[in-house]
Amino acid sequence: MTDLRSAPIPPVGDSDHVRGPADGIEVIEYGDFECPFCAALSARLAARAALRHTFRHFPVRSSHPRAWAAACAAEAAALQGRFWEMHDSLFEDQARLEDPHLWRRARELGLDVERFDSDRRSEAVAARVREDFRGGVRAGVVTTPTVFVDGRMHAGRIDEGVL
Amino acid sequence: MPPEVSEGLLAPGSPAPEFTLRREDGSAFTRAELEGKTTVLVFYPFAFSPVCTDQLSLYQEILGEIEDRGATIYGVSCDANYSQRAFREQLGVTIQQLSDFEPKGEVCRAFGVYHPKGFPQRALVVIGPDAVVRWSYQAPSPSELPGANLIFDGLAAV
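Residues numbered from 1 in each chain as written. Chains lettered and ligands numbered in written order. Predicted model: local features only at pLDDT ≥ 70, side-chain atom pairs only at ≥ 80, totals over all residues.

Draft legend 1. Examining the interface of chain A and chain B more closely. Listed per partner, the contact involves 13 residues of chain A and 17 residues of chain B. By residue class, the composition of the side of chain A that touches chain B is 4 nonpolar, 5 polar and 4 charged. (Contact = placed C-beta atoms within 7 Å. Nonpolar A, V, L, I, M, F, W, Y, C, P; charged D, E, K, R; others polar.)

Draft legend 2. The arrangement of the packing of helix α2 (residues 67–78) of chain A against helix α3 (residues 83–92) of chain A in detail. Residues and elements named next belong to chain A. The N-to-C vectors of α2 and α3 enclose an angle of 150°; their axes lie 7 Å apart at closest approach. By the angle class used here, α2 and α3 are roughly antiparallel. For the pair α2 and α3, the sense of crossing is right-handed. Packed against α2, whose contacting residues are Ala-70, Ala-73, Ala-74, Ala-77 and Ala-78, the element α3 presents Phe-83, Glu-85, Met-86, His-87 and Leu-90 at the interface. (Axes fitted to C-alpha atoms, helices over the stretch in contact; angles between N-to-C directions. Helix = DSSP H or I, 4+ residues; strand = E, 2+ residues; numbered from the N terminus. Parallel < 35°, antiparallel > 145°, perpendicular 65-115°, else oblique. Left-handed = near helix turned anticlockwise from the far one by under 90°.)

Draft legend 3. Just the sheet that holds strand β2 (residues 25–31) of chain A, in detail. All names here are of chain A. Strand order in the open sheet formed by 5 strands is β1-β3-β2-β4-β5, and the pairing between neighbours is mixed. Taken across any chain shown, the strands that pair with only one partner, and hence form the sheet edges, are β1 (17–19) and β5 (152–155). Going from strand to strand, the sheet's axes swing by 20° on average, the running direction of each strand aside. Bridge count for β2 against strand β4 (residues 146–149) is 4 bridges, and the pairing is antiparallel. Opposite Glu-29, over in β4, you have Val-147 as the bridge partner. Against the sheet, helix α6 (residues 123–138) contacts β2 and β3 (51–57), and its axis sits at roughly 105° relative to β3. (Pairing = 2+ DSSP bridges.)

Draft legend 4. Fine view of the pairing of strand β5 (residues 96–99) of chain B. Residues and elements named next belong to chain B. Pairing analysis gives 4 bridges linking strand β4 (residues 71–77) to β5, with the strands arranged parallel. Residue pairing for β5: Val-76 is matched across the bridge by Leu-98. One crossover worth recording links β4 to the parallel β5 by way of helix α3 (residues 81–91), and it is right-handed. (Right-handed = clockwise from strand over helix to strand, strands pointing away.)

In structure tokens form, the structure reads like this:
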């Protein structure tokens, strides 16, 4: 078992969710779909064309009871090629994160809902979310949102200057 | 006599001092409880304060891995045991709480983590099964939350 000792932030790799131009400023975000500050940050990041945005999961269940389920829903959507669509859908309406809301979102995105529902409960999807979380813990992430811009960590409410 | 301000966090190699903290049910938790197992003490300033809330919620996520390493983690503050229990229950975490309420801050002083304004510094102390401090860390300010990674850095020193 690899433990959770301090380690540098994992480099952006093939399994990451990345959007924005390849030559954009690299922003790696650790976020939680039930975190209101993450939703606000998400809107700000989406409004900037010059960023290469990587999103990683950092759900903390006791603060946000549906954060883990929402993260798994986004990963299940990713298996059908629709991660960012689900990411945006979840952040646009954080008050609806119960199972029927997740199914409705999946339907609206045109996903195979049955497959989505079995994927989001799968061990593979849970492992994918856990991997993001553990990488964040080892890099010293303690709260959401946390962003790394050019390797520097910024936590909480992110100043305009950072972006 | 005014309370003494702590002289500094106990360093690795220091034997744990004699102390008595109170569990949530009011029973005593003493130095003898440290013997034979690894203990992580998480000193935090106040129950219900915003950063402490994030801190215990985060540590709860990796509680299983701390236990897998044979260690037991406790939250320590100067709040009364009833307040600590209400705090823990409201957060929905299971990390056991220890109270340094009376005489206020006595144990925090003994570990060198008592803030001059009357609350524990935000600090982590890892104690080996021989009741000797193996690793310790104090956040640069009470508003800074020590990452859960630091707990594992500390456990690696046992």
